[in-house]
Number of protein chains: 4
Amino acid sequence: MTYHLLIESADRMGLVYAISGVLYDFGLNIEQNYEFVDKEHNRFFMRTEFSGSIDEDLLVRSIQEKLPDINIRLSTKRRKKVVILVTKEPHCLGDLLIRARYNELDMEIAAVVSNHDSLRDLVESFGIPYCHVPHQDLSREDHEQKVIETINDYSPEYLVLAKYMRILSPVFVQKFANSIINIHHSFLPAFIGASPYKQAYDRGVKIIGATAHFVNDELDDGPIITQNVIPVNHTYNASNMAQAGRDVEKQVLARALSLVFDDRVFIFGKKTIVFE
Amino acid sequence: MTYHLLIESADRMGLVYAISGVLYDFGLNIEQNYEFVDKEHNRFFMRTEFSGSIDEDLLVRSIQEKLPDINIRLSTKRRKKVVILVTKEPHCLGDLLIRARYNELDMEIAAVVSNHDSLRDLVESFGIPYCHVPHQDLSREDHEQKVIETINDYSPEYLVLAKYMRILSPVFVQKFANSIINIHHSFLPAFIGASPYKQAYDRGVKIIGATAHFVNDELDDGPIITQNVIPVNHTYNASNMAQAGRDVEKQVLARALSLVFDDRVFIFGKKTIVFE
Amino acid sequence: MTYHLLIESADRMGLVYAISGVLYDFGLNIEQNYEFVDKEHNRFFMRTEFSGSIDEDLLVRSIQEKLPDINIRLSTKRRKKVVILVTKEPHCLGDLLIRARYNELDMEIAAVVSNHDSLRDLVESFGIPYCHVPHQDLSREDHEQKVIETINDYSPEYLVLAKYMRILSPVFVQKFANSIINIHHSFLPAFIGASPYKQAYDRGVKIIGATAHFVNDELDDGPIITQNVIPVNHTYNASNMAQAGRDVEKQVLARALSLVFDDRVFIFGKKTIVFE
Amino acid sequence: MTYHLLIESADRMGLVYAISGVLYDFGLNIEQNYEFVDKEHNRFFMRTEFSGSIDEDLLVRSIQEKLPDINIRLSTKRRKKVVILVTKEPHCLGDLLIRARYNELDMEIAAVVSNHDSLRDLVESFGIPYCHVPHQDLSREDHEQKVIETINDYSPEYLVLAKYMRILSPVFVQKFANSIINIHHSFLPAFIGASPYKQAYDRGVKIIGATAHFVNDELDDGPIITQNVIPVNHTYNASNMAQAGRDVEKQVLARALSLVFDDRVFIFGKKTIVFE
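Because the structure is predicted, anything quoted here is derived from the model rather than measured.

J.: What's the story with the overall build of chain A in this structure? I'm lost.
T.: Counting secondary structure elements, chain A contains 8 helices and 13 strands. Computed over C-alpha atoms, the radius of gyration of chain A comes to 20 Å, within 12% of the 19 Å expected from 2.2 N^0.38 for 276 residues, which places it in the range of a compact globule. Taking the principal axes of the C-alpha coordinates as reference, chain A spans close to 60 × 40 × 35 Å. Taking all 276 residues of chain A together, the buried fraction comes to 63%.

Below, the structure is given as structure tokens:
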């Protein structure tokens, strides 16, 4: 088994020494280790990769006894269980379905939840449950409550918003804190709001971008995981720009998920530490 | 001699036919031709490249007789005469000085104008006049007037703002309409305003960009010529991000100038048509 | 209907004039026009886009009467009919299936042909015929003959080799001259041959690329349509490099097909002219 | 003072623990730590960044006493002393001169050595010694001997080959083992040999790359530090491709030097470990 040990803590002298000491006592060999101190906030982050056969609880307890005030997460290299939320657009969803089926992402898609029914055939053809939770005739709160109940049936580790076009309430976001990953049209913080590709077209941009980020309570403003762009030119109309946007969105979302599922991403306030 | 013929016009049938007919009558062979119609605004743009020895005025007049209502610009492949405006930062200026000296851009730098004196040695070591126009004890209008007079001594075809940190008045911009090229820190329209790299750092962006654009009367909002980005990560502090920004700024500015000086860029409202 | 008129010819004076004259006589308005002369070989290429309702044969005949010695192709903006050839890898195929289903490429997949049966379920779940042509117990010639017969049942305009791992004979290539598009692992002409990602890993490259090209009679040596790369680092083992390769392969193949299906690509000897 | 501690060793359990223990005993706080094990070769690499005021020899000796068989390098964040070798091309040299002058690279250029005299004015205008070592009428060995003597006058930590077009003998390379950084035209291992841009043009590539690498005894085959590419198209003739190449070369060389001078690069056989 390959383990990913993630430590976050107020910084102080001796953290690496203390943690590596416990691993040494357990007879474990560190294969990759990244450590970073955010000096502005005096915050310590470390990701350690090692292989072996261990009593996981005992390891975590041993570290905690030595360093009672640090945050420890012990994860393993394995397929993470996710629920994907979509509305009508298939480009990101389709890419994730293919990748999950052929192990191009360490992800098991437990279910796809949508407020529309149009992507059902695609999802079901991959043998994955499709849960249609229509929002018609429901208050935002009631619809969201139904979505939450549907998600909870599957106990996912992560929620992936693969072009889910509904705004999530703070209540929803709290329930899945630090576990919701969104792909954002356009290059944050540019062109926030409706019709970003129309905005980009009207502005005559020469690059279209996408941003994958965790969702916190502010719209499109959560910690950025990764970003990328592709070139466009004056011959692109708003529809071509949207296609360029779809192409970069699915690349960026897949890249972000691969980093998150490999436990390489720490969230710290409005930012991320990504150990690539 | 290699000519660049640039035509802009309301679109209608037969424009290519009429123009290529005149060139044919002059015995000229078209070597590259790009034509584009902005259907939203029914606007026609064409750039035609041909070689030969011609009476330039006669050619332009002949086209105008046939098509009296179009805009014609006949330029040639040659070094364009520019004045560069800077404040204190040397990275873009240094790149342009090297490129001009070794013919890596079709540009002759007639002079460098600055509101500070700190880059004088660098510029003069390249044998180029350095004009210090201090802004101390002057009103904005008076300073700008002095800058304009200094520029006019050199009759440049283009002004290059290579990190000129003063805001230009509409009067200034009008005087050099469609001839001022600026390099903008960060990726427009994101992070407009002061301390963009501090903003980018605080936001935890994973990409730093730069935008080269023509200057019109709104700050940082002119027609975009080209844009690019480079990746950054959580180990970059604001100062490292600024260095990444400088690296991409000088690449983007040089690319934009190479397009403009090769007469490949049309300005149309807030956008450009760039025939690459 | 939007038309794409493609002209290739020995260069001489007056070609644009003559062709645009015919379009004018037909009452057609040119919306985009790209013309390029390869001066080294004195060769003229032009792509003209216009809309209208025309007698297609009459238009082509009219141009030919005026210019008997040029090559004319009149195509339209529409879904091109393709057959995809694969072996066992799903990443490019999966991307194309999703794009075709949701109109993200102007492509109708008539059938998928493979020398293995492992991708049948995926393809059939998209409602597309899957033709398994096993190569066991067959000579190369006999297998290829069966593949050709299978393809011919569908009369495709293009063949897409989406990781088809069999070498094609010159006979095969001749039969589908200028119509076969391949995606090549790695960055041509580097790492030609077997195990390119092992080669790349052993060499410690920092970038993995992919090349989409037409297939002519030499292996992996046909005219390049487009290329791209993605960054890798020392933490990538050969398997991670292969995944990076798959990611860039599918991006590059989709981009190449979008250019080809929009009739933007001319083949000229070992090179392409791509009017982007 | 900010220190960079670099450790390379056969891998075994407890290395991180032992090293961090010594740092702890010295009262030092680790600010960044990267560790990587090459499992194929069972090789351990670690870069540790910390600040403080220490007895450097004592620290190294203390680690060595605990771990006698490991390689230790203790460096500091400071300007590295380099000699640059050039032939006639100014683009990389010019970029380095500007960067060194304005502290955009942690580099002090002690001298520039060339087998031609043509770049003397540029270099001297930056106040840097220019050493012309002509190769006329000298055997390769004798010329190289003179170059070595010239270099030795300046005792540089690194040699930068900024388009030095002479092949270095194994003797030369041995003398400056692991200290010579070269920028290679084109994208290794493609287009090795003469006229790479002509080769690239004839092949119709759509991307031009550059590779910065350490020099070992095989031509252009040393450990790669970093690579990048820029797009080109059919309108680029061989000369335009060469300009694109120059643009990417200087970007890649500067990036590589910034990594090397910040002590982020380990050489291991034909590969590098780069802790970015």
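Now that the structure is up, let's keep going.
J.: I keep staring at the relation of the copies chain B and chain C and nothing clicks. Help me out?
T.: Here chain B sits on chain C after a turn of 180° about the axis and a move of 0.0 Å along it, with an RMSD of 0.0 Å. Both copies are brought into coincidence by an operation consistent with a two-fold rotation axis. Residue tyrosine 34 of chain B of chain B places its C-alpha closer to the rotation axis than any other residue of that unit, at 2.3 Å. When you check the interface residues of chain B against chain C, 100% turn up at the interface there too, and the contact is symmetric in its surfaces.

J.: Quick question: what am I supposed to make of helix H5 (residues 140-152) of chain B here?
T.: It helps to recall that an α-helix has 3.6 residues per turn; residues three or four apart then point in one direction. Residue and element names in this part refer to chain B. Taking 1.5 Å of rise per residue, the 13 residues of H5 would be expected to cover 18 Å, and the 18 Å separating its terminal C-alpha atoms lies within 8% of that figure. Those residues of H5 that fall on the buried side of the exposure criterion are His143, Glu144, Val147, Ile148, Thr150 and Ile151. For H5, the arc enclosing every buried residue in end-on projection is 160°, short of the 170-degree limit, so these residues lie on one face.

J.: Explanation requested: the interface of chain B and chain A in the structure shown.
T.: Interfaces are often sized by the accessible area lost when the parts come together. In this complex, chain B contributes 32 residues to the contact, which on the side of chain A involves 32 residues. Regarding the contact of chain B and chain A, the summed buried area is about 2700 Å², with carbon and sulfur atoms giving 59% of it. If you sort the residues of chain B by the area they bury against chain A, Arg203, Lys206 and His234 of chain B come out on top, with a joint share of 27%. For the pair chain B and chain A, the number of links is 0 salt bridges. Our count for the contact surface shared by chain B and chain A stands at 14 residue pairs in polar contact (both at pLDDT 80 or more).

J.: Looking at this structure, how should I read the interface of chain B and chain C?
T.: Each partner contributes to the interface: chain B provides 22 residues, whereas chain C provides 22 residues. Both sides together, the interface formed by chain B and chain C hides about 2100 Å², and carbon and sulfur atoms give 59% of it. With a closest N to O distance of 3.0 Å, lysine 39 of chain C and glutamate 31 of chain B form a salt bridge. Remark: the boundary between chain B and chain C carries 13 residue pairs in polar contact (both at pLDDT 80 or more). The greatest single-element share of the side of chain B that touches chain C, amounting to 9 residues, is contributed by strand E2 (residues 29-38) of chain B. Of the residues contributing to the side of chain B that touches chain C, the split by class is 9 nonpolar, 8 polar and 5 charged. Across 5 bridges, E2 of chain B lies against strand E2 (residues 29-38) of chain C in antiparallel orientation. Considered in E2 of chain C, the bridge of glutamine 32 of chain B is made with phenylalanine 36 of chain C.

J.: Honestly, the pattern of salt bridges in this entry has me stumped. Any pointers?
T.: Proximity of charged atoms lets side chains of opposite charge pair with each other. A full pass over the atoms with the stated rule returns 85 salt bridges over all chains. In this structure, aspartate 95 of chain A engages lysine 250 of chain C in a salt bridge whose closest nitrogen and oxygen atoms are separated by 2.6 Å. Of this pair, aspartate 95 of chain A sits in helix H3 (residues 91-101) while lysine 250 of chain C sits in helix H8 (residues 238-261), placing the two residues on different chains. No difference in accessibility class separates aspartate 95 of chain A from lysine 250 of chain C, as the two residues are buried. For glutamate 157 of chain C, the salt bridge is made with arginine 78 of chain C, and the minimal N-O distance between the two is 2.9 Å.

J.: Is there a simple way to explain the sheet that holds strand E3 (residues 43-51) of chain D in this structure?
T.: Backbone hydrogen bonds hold the strands of a sheet together, and the pairing may be parallel or antiparallel. Spatially, the 8 strands line up as an open sheet ordered E4(A)-E1(A)-E3(A)-E2(A)-E2(D)-E3(D)-E1(D)-E4(D), and their pairing is antiparallel. At either margin of the open sheet sits one strand with a lone partner, and together these are strand E4 (71-76) of chain A together with strand E4 (71-76) of chain D. Here the strands of the sheet are splayed against their neighbours by 15° on average, with no regard to which way each runs.

J.: Before we go on, may I ask you to explain the packing of helix H1 (residues 15-25) of chain C against helix H2 (residues 56-66) of chain C in this structure?
T.: Any two packed helices are characterised by how steeply their axes cross, that is the angle between the axes, and by the distance between the axes. All names here are of chain C. One can describe the packing of H1 onto H2 by two numbers: an axis separation of 10 Å at closest approach and a directional angle of 145°. For the pair H1 and H2, the crossing hand works out as right-handed. Contacts between H1 and H2 pair Ala18, Gly21, Val22 and Leu23 from the former with Leu59, Ser62, Ile63 and Lys66 from the latter. Broken down by class, the residue content of the contact of H1 with H2 amounts to 5 nonpolar, 2 polar and 1 charged.

J.: Would you mind going over the packing of aromatic side chains with me for this structure?
T.: This model, assessed by the stated rule, comprises 38 aromatic pairs over all chains. Here the aromatic rings of tyrosine 158 of chain A and phenylalanine 261 of chain A are separated by 5.5 Å at their centres, their planes lie at 50°, and the arrangement is tilted. Of this pair, tyrosine 158 of chain A sits in strand E8 (residues 158-161) while phenylalanine 261 of chain A sits in helix H8 (residues 238-261), and the two are 103 residues apart along the sequence. Phenylalanine 261 of chain A shares its class with tyrosine 158 of chain A; the two are buried. When the centroid spacing of 5.8 Å and the interplanar angle of 85° are considered together, the rings of phenylalanine 266 of chain C and phenylalanine 275 of chain C count as edge-to-face. By relative accessible area, phenylalanine 275 of chain C is classed as buried at 2%. Put simply, the rings of Tyr34, Phe45, Phe266, Phe268 and Phe275 of chain A together with Tyr34, Phe45, Phe266, Phe268 and Phe275 of chain D touch in pairs and so form one group of aromatic residues. The residue whose ring lies beneath lysine 271 of chain A is tyrosine 201 of chain B, and the NZ or CZ to ring-centre distance is 3.4 Å.

Parameters and conventions
- The residue count restarts for each chain, going from 1 along the sequence in the order it is written.
- Numbering of ligands from 1 and lettering of chains from A proceed in the order in which they are written.
- Local features in this predicted model are restricted to residues whose pLDDT is 70 or higher, and side-chain atom pairs enter the listing and the counts only when it is 80 or higher, whereas totals over whole chains, interfaces and linings include all residues.
- Side-chain measures were taken over the full set of non-hydrogen atoms in the model, leaving aside hydrogen atoms and water.
- Elements are defined by DSSP. Helices are runs of H or I of four residues or more, strands are runs of E of two residues or more, and each kind is numbered from the N terminus.
- Every radius of gyration here is taken over C-alpha atoms, with the globule rule written as 2.2 Å times N^0.38, N being the number of residues.
- Note on exposure labels: buried denotes an accessible area under 20% of the residue type's maximum, exposed denotes more than 50%, and partly exposed covers the range between, all computed with a 1.4 Å probe on protein chains only.
- To line up the copies, we fit them by least squares on C-alpha atoms, keeping just the residues with pLDDT of at least 70 in both.
- Contacts are assigned to residue pairs that have any heavy atoms within 4.5 Å of one another.
- Multiply 1.5 Å by the residue count of a helix minus one, and that product is the helix's expected span.
- The arc under discussion is defined with respect to the helix axis, by the directions toward the C-beta atoms.
- Buried area counts how much accessible surface, traced with a 1.4 Å probe, disappears from two parts once they are put together, with both parts' losses summed.
- Salt bridge criterion: a side-chain nitrogen from Lys or Arg within 4 Å of a carboxyl oxygen from Asp or Glu.
- For this analysis, a polar contact is any N or O atom pair within 3.5 Å, provided that within protein one partner can donate a hydrogen and the other can accept it, and provided that sequence-adjacent residues contribute only side-chain to side-chain pairs.
- Each residue is assigned to one class: nonpolar for Ala, Val, Leu, Ile, Met, Phe, Trp, Tyr, Cys and Pro, charged for Asp, Glu, Lys and Arg, and polar for all the others, Gly among them.
- Here, strands pair whenever DSSP counts at least two bridges between them.
- Every axis in this analysis is a line fitted to C-alpha atoms, fitted for helices over the stretch in contact. Angles between the N-to-C directions lie between 0 and 180 degrees.
- With the far helix as reference, a near helix turned anticlockwise by less than a right angle produces a left-handed crossing, and one turned clockwise produces a right-handed crossing.
- Each Phe, Tyr or Trp ring (for Trp, its six-membered ring) is paired with any other whose centre lies within 6.5 Å, and the angle between the two planes then decides the class: stacked below 30 degrees, edge-to-face above 60, tilted in between.
- Whether a charge sits over a ring depends on NZ of Lys or CZ of Arg being within 6 Å of the ring centre and within 35 degrees of the ring normal.

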